[in-house]
Amino acid sequence: MVTPGAKREAVAYARDHHGLSERRACSLVGVSRRVIRYEPTRPDDGALRQRLRELAAERRRFGYRRLGYLLAREGMRPNHKKLLRIYREEGLRVRRRGGRKRALGTRAPMALPQGPNQRWSLDFVSDSLVCGRRFRILCIVDDFTRECLALVADTSLSGIRVARELTTLIGLRGKPHMVVSDNGTELTSSAILRWSQERQVEWHYIAPGKPMQNGFVESFNGRLRDECLNETLFTSLAHARFVLMAWRHDYNHVRPHSKLGGQTPAEIAGQWSWGHAPRTIAIPSTNHHEGAGLYL
């Protein structure tokens, strides 16, 4: 019995079952009568608890820190220790999924870009429809702002298709100085090599078996799979494109990013002046033809 609550229970048990006075029971337990008579004045924080439960139900893969960013946007700024206590009392812990074995060894730190459009990262993610048909997603990320520039979903994504999507993306926000990718067959094809030469964009390939050299998009892929792909059953390719479009907008404009101090990638991008024409918002067409990428 080390906590006041446990000692109060012991005193109450001694009085109820053995007929001892309060003074005698406190003396046996070794606690002050003032502690026994103390009535906590802590507020119940009903509104905070209710809103925290609602946000946790909407964002099932968010921990208490990221939920705290969302609460702060609504004017609720509880102390982080209080937020963690309420988060635990409400039983809102994120269920951990099984991990995988990771390679051991030293890793050289990555040089960070100093502005938007200095470096884009590319990678592919795979998933399947409820019918079992597999499809792939091309992910393009700006390493500085952490923006998801494109999520292109299709059953087949060739090097020609990747080049076409990059060309469309350049028309929306300008040309990057460098593109980083792994050594996949689509990204080492002659179409990509020809595109990088024509556009005069440096293309950097990471070392084989070293995915952390492309850590920005790898981290993004983990968030995409954890918060979207693992949470959704896709009935068709059109449904997958629609869900990815909505999630990408949420990721860029709503979801707080811990590495950005709780800001969104769009807020970071908005703090920079762009050398090309003003950025425009392009909403993908409703007809999901082969060339329809997801841009915003």
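- As annotated in an unreviewed UniProt entry, the protein chain carries the name Transposase and is attributed to Sphingopyxis terrae subsp. terrae NBRC 15098.

Some remarks on helix 2 (residues 22–29)
- For helix 2, the set of buried residues is Glu-22, Ala-25, Cys-26 and Val-29. End-on, the buried residues of helix 2 take up no more than an arc of 100°, which puts them together on one face. In this structure, helix 2 carries Arg-23, Ser-27 and Leu-28 as exposed residues pointing more than 90 degrees from its buried face.
- Where the residues of helix 2 are buried, they touch helix 1 (4–18) and helix 3 (33–37).
- Gly-30 occupies a position one or two residues after helix 2 and carries a positive phi of about 85°.

Thoughts on the nonpolar core
- The biggest cluster of nonpolar side chains holds 21 residues, and the ones touching the most others in it are Ile-137, Leu-151, Phe-220 and Leu-224.
- Within the residue set of this core, elements represented by two or more residues are strand 2 (134–142), strand 3 (148–154), helix 9 (215–227) and helix 10 (237–253).
- Not counting residues up to four positions away in its chain, the partners in contact with Leu-224 are Val-125, Cys-139, Leu-151, Leu-229, Leu-244 and Trp-247.

A few points about the environment of Asp-45
- Inspection of the secondary structure assignment puts Asp-45 in the loop between helix 3 and helix 4 (46–58).
- Note on Asp-45: relative accessible area 14%, which makes it buried.
- Residues Asp-45 and Pro-78 lie 33 residues apart in sequence; the distance between their C-alpha atoms is 10.0 Å.
- Those residues within four positions of Asp-45 in sequence are excluded, and the remaining contacts are Lys-82 and Ile-86.

A few points about the pairing of strand 2
- Most of strand 2 sits inside the fold, with seven of its nine residues counted as buried.
- Two elements, strand 1 (residues 119–128) and strand 2, share nine bridges in a ladder whose sense is antiparallel. Of the residues in strand 2, the one forming a bridge with Phe-124 is Leu-138.
- Two successive antiparallel strands, strand 1 and strand 2, enclose a turn made up of five residues, where Gly-132 displays a positive phi of approximately 95°.
- Direction of pairing for strand 2 relative to strand 3: antiparallel, over a ladder of six bridges. If you follow Leu-138 over to strand 3, its bridge partner there is Val-152.
- Linking two consecutive strands that pair antiparallel, namely strand 2 and strand 3, is a turn of five residues; a positive phi of about 65° is found at Arg-146 within it.

Rules of the game
- In every chain, residue numbers begin from 1 and rise along the written sequence.
- It should be noted that, the model being predicted, local features are given only for residues of pLDDT at least 70 and side-chain atom pairs only at 80 or more, the latter also being counted only at that level, while totals for whole chains, interfaces and linings use all residues.
- Side-chain calculation: all heavy atoms of the structure are included, whereas hydrogens and water are not.
- Accessible area is worked out with a 1.4 Å probe on protein chains only. A residue is then buried under 20% of its type maximum, exposed over 50%, and partly exposed in between.
- Strands here are runs of E lasting at least two residues and helices are runs of H or I lasting at least four, both read from the DSSP assignment and numbered beginning at the N terminus.
- Of all possible arcs, the one meant is that of the directions from the helix axis to the C-beta atoms.
- Residue contacts are counted whenever heavy atoms from the two residues lie within 4.5 Å of one another.
- Among buried residues, those of type Ala, Val, Leu, Ile, Met, Phe, Trp, Tyr and Cys that are joined through side-chain atoms within 4.5 Å constitute a nonpolar core.
- Here, strands pair whenever DSSP counts at least two bridges between them.

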